[in-house]
Amino acid sequence: RVLVLVHCDVDALCACSIIVSLLRSEHVLYTLVCVNGIQELRDAYAQHVQQVRYVIFINCGATLDLVELLDPPENQVLFVADMHRPMDVCNIYSAGQVCLLMQPEDDEEIPSYGDIFREEEARHHAEDSEEEEEEEGAEEENEGDEGENGRRRKRRRFDEEALMKRREKREWENHRRQILFDYTQFSYYGSPTSVLMYNLAWRLSKDNNELLWLAIVGLSDLFLNGHMDKRRYLLHVGDLQSHVARLNHTITEDSLQMSADSMHISFEKELQLALFRHWSLWESLRHSPYTACKFRLWSLKGEKRLHEFLAELGLPLVQCKQKYCAMDVSLRNELFSLLESKSEKYELEDLIYGSFLLQLGLRYKFSAADFVFSLGALLESHESYQDVTEGNGGREAAAESQFETSADSPRHDKHSFSWTFLYLSHPTALARFAYFVLLANEASRRNKRSRTLPLVLCLPVTEGAMHIPGIDQSVTFSILIGIPPFLFGKAFEQAAEKTESLIYQDCFDPSIVHLRTEDRTKFLDALVSLMT
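Residues numbered from 1 in each chain as written. Predicted model: local features only at pLDDT ≥ 70, side-chain atom pairs only at ≥ 80, totals over all residues. Heavy atoms only, no water.

This part takes up the packing of helix α10 (residues 209-224) against helix α18 (residues 368-380). Between α10 and α18, the least distance of the axes is 8 Å, while the angle of their chain directions is 75°. Taken together, the axis directions place α10 and α18 in an arrangement best described as roughly perpendicular. Here W213, I216, V217, S220, D221 and L224 of α10 lie close against α18, whose contacting residues are A368, A369, F371, V372, F373 and L375. Partitioning the contact of α10 with α18 into residue classes produces 10 nonpolar, one polar and one charged. (Axes fitted to C-alpha atoms, helices over the stretch in contact; angles between N-to-C directions. Helix = DSSP H or I, 4+ residues; strand = E, 2+ residues; numbered from the N terminus. Parallel < 35°, antiparallel > 145°, perpendicular 65-115°, else oblique. Contact = heavy atoms within 4.5 Å. Nonpolar A, V, L, I, M, F, W, Y, C, P; charged D, E, K, R; others polar.)

Listed below in structure tokens is the structure:
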């Protein structure tokens, strides 16, 4: 039996579906557990540790010293496939108990083994301890003796060679601390785990269109949620295009008409408009982060500009407010070319991008973005993870509103980052909302420097909702999230140390931490001074 521990995000869900398909094809028994944080990971592992020899971590575990955290039996092997970076150096240089399935990328700058580990260090420490014990024993026997033996012991203790060794050791330790700080100070995301798992299936000659589509959805999740820049996205798209061409070259329109169950993937132009094929163009324009921020639709001026945009395209408002499938066919056929013609004027250069579409027989076409938004909504709702992984037929993939109230508009003042407070009930939804607020903040600022500022969001946690080991349950906490995440991992730690604030790290992303509410003001002040 294999234990599969999977994080609750779209890319992990896709990767999990691929690995489960491979395990089933080999008739391997497995136990699947979804984890949202470090404590859940520890609890799930402890519950199943005696039943398994192999454990697979999907989008969790790479940033943690798993051997120290879990204390696994010597005969147990931990396989890690995780997009979170940076990877813990103890996992990287594990003697074989921890196996990282990800290939390090060129820009990761992983420290060399010799810079962070010294094989002689333990031996020297043991020798020093033995010498100290011998000296203490001799001093007890010859207490008060100032003869030749006593002077010899003192000379040995302060011998020049010993001093040089200690100095070298201190210099090496300082150098090691600096290297580890430089390596771990920024948190970021690597390649999609779903793409990694698809490549595994391909090498085993067990890939198909269904698994390829899962990899495409996982890649789209990282790109649409700001975890991957356009350059890296296009590199992965190029690789997946070759697989699309290989698996779909025999499928034609005629064969699609004959089979209602056939599955066809194609690479086409796509709009950064959420679910527009299953919604109305008007609602999708208003609620998609890209267009909402570009038009600044929270203002009357922005609403007017959107009306002008549609009028200039020649799209009647009546048509735009209908379901997309009910729009005039000629308008739908010309929509992409119309939007391209006016994209430069309205600063919408990235509205159209290359993506993949799925055709299921005679049904509607589905874009990868449609799946990203739908799966994300399911994972953030109160539906069970098992229902999500099994598909469960025709249940609507509609997101429940997770917002209760929101207080204070984004503030800037003279700080080195913007910040705001809000109430939200799911960390993934918080991260996506934080990315949207960052884009909106950039669009609202006239000052160019202000547009590049990162963002810190604060989420009050309901009292009694958190159970932190070793901490009084009466203590109230807030969740802090930094966007973009690569700036805030070590900055949060330094601010907490400087102000002696109580923070608790439970998320696999170090840019999300729990902070004692009463420490919030002094913590933010310290964060400002650190990033100024």
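With that settled, consider the sheet that holds strand β8 (residues 263-271). One open sheet accounts for three strands, arranged β8-β9-β10; its pairing is antiparallel. For this open sheet the edge positions go to β8 and β10 (365-367), each flanked by a neighbour on one side alone. Across this sheet, the average inter-strand angle for adjacent strands is 35°, counted without regard to direction. Taken together, the three bridges between strand β9 (residues 352-360) and β10 define a ladder with antiparallel strand orientation. Bridged to L357 within β10 is S367. Where α10 meets the sheet, it contacts β8, β9 and β10, and its direction lies at approximately 20° from that of β8. Along the sheet face, α18 touches β9 and β10 and points at about 70° away from the line of β10. (Pairing = 2+ DSSP bridges.)

This part covers the side chain of N209. Following the sequence through the fold, N209 ends up in helix α10. Here the side chain of N209 touches N248 through a polar contact of 2.9 Å, side chain to side chain. (Polar contact = N/O pair within 3.5 Å; in protein donor to acceptor, adjacent residues only side chain to side chain.)

Turning next to unusual backbone geometry. Backbone torsion omega between R85 and P86 reads 5°, so that peptide bond is classified as cis. Looking at the secondary structure, you find P86 in the loop between β5 (84-85) and α4 (89-92). The backbone of H27 shows a phi angle near 60°, a positive value even though the residue is not glycine. In this fold, H27 is placed in the loop between α1 (10-25) and β2 (30-35).

If you look at the biggest cluster of nonpolar residues, it comprises 49 residues, and the most contacted ones within it are I58, W213, I216, I265 and F356. Looking at this core, the elements with two or more residues in it are β1 (2-7), α1, β3 (54-58), α9 (193-203), α10, α11 (230-248), β9 and α18. Those residues in contact with W213 that lie beyond four places of it in its chain are M263, I265, F356, L357, L358, F366, S367, A368 and F371. If you look at the next biggest cluster of nonpolar residues, it comprises 28 residues, including L41, V52, L70 and L78. (Core = buried A, V, L, I, M, F, W, Y, C linked by side-chain atoms within 4.5 Å. Buried < 20%, exposed > 50% of the residue type's maximum accessible area, 1.4 Å probe, protein only.)

Attention shifts here to the pairing of strand β4 (residues 77-81). Of all five residues making up β4, four are buried, and the element is well covered by its neighbours. In this structure, β3 lies alongside β4, joined through five bridges in parallel fashion. Bridge pairing links Y54 to V77 in β4. Note: β4 against strand β6 (residues 98-100), three bridges, orientation parallel. Paired with F79 across the bridge in β6 is C99.

Burial within β1 is extensive, with six of its six residues counted as buried. Neither face of β1 is exposed, since V2, V4 and V6 on one face and L3, L5 and H7 on the opposite face are all buried. Summarising the sheet, β1 and β2 pair through six bridges and their orientation is parallel. Bridging from a neighbouring strand, L3 pairs with T31 of β2. Tracing the backbone out of β1, into α1 and back to the parallel element β2 gives a crossover that is right-handed. (Right-handed = clockwise from strand over helix to strand, strands pointing away.)

Time to look at the pattern of salt bridges. Within the structure shown, the criterion is met by 12 salt bridges. Notably, a salt bridge pairs K365 with E268, separated by 3.5 Å at the nearest N-O pair. One end of the pair, K365, is in strand β10; the other, E268, is in strand β8, and 97 residues separate them in sequence. With a shortest N-O distance of 2.3 Å, R286 and E303 are connected by a salt bridge. With R286 in helix α13 (residues 281-287) and E303 in helix α15 (residues 300-313), the pair connects residues that are 17 residues apart, well separated along the chain. With a relative accessible area of 27%, R286 lands in the partly exposed category. (Salt bridge = Lys/Arg side-chain N within 4 Å of Asp/Glu carboxyl O.)

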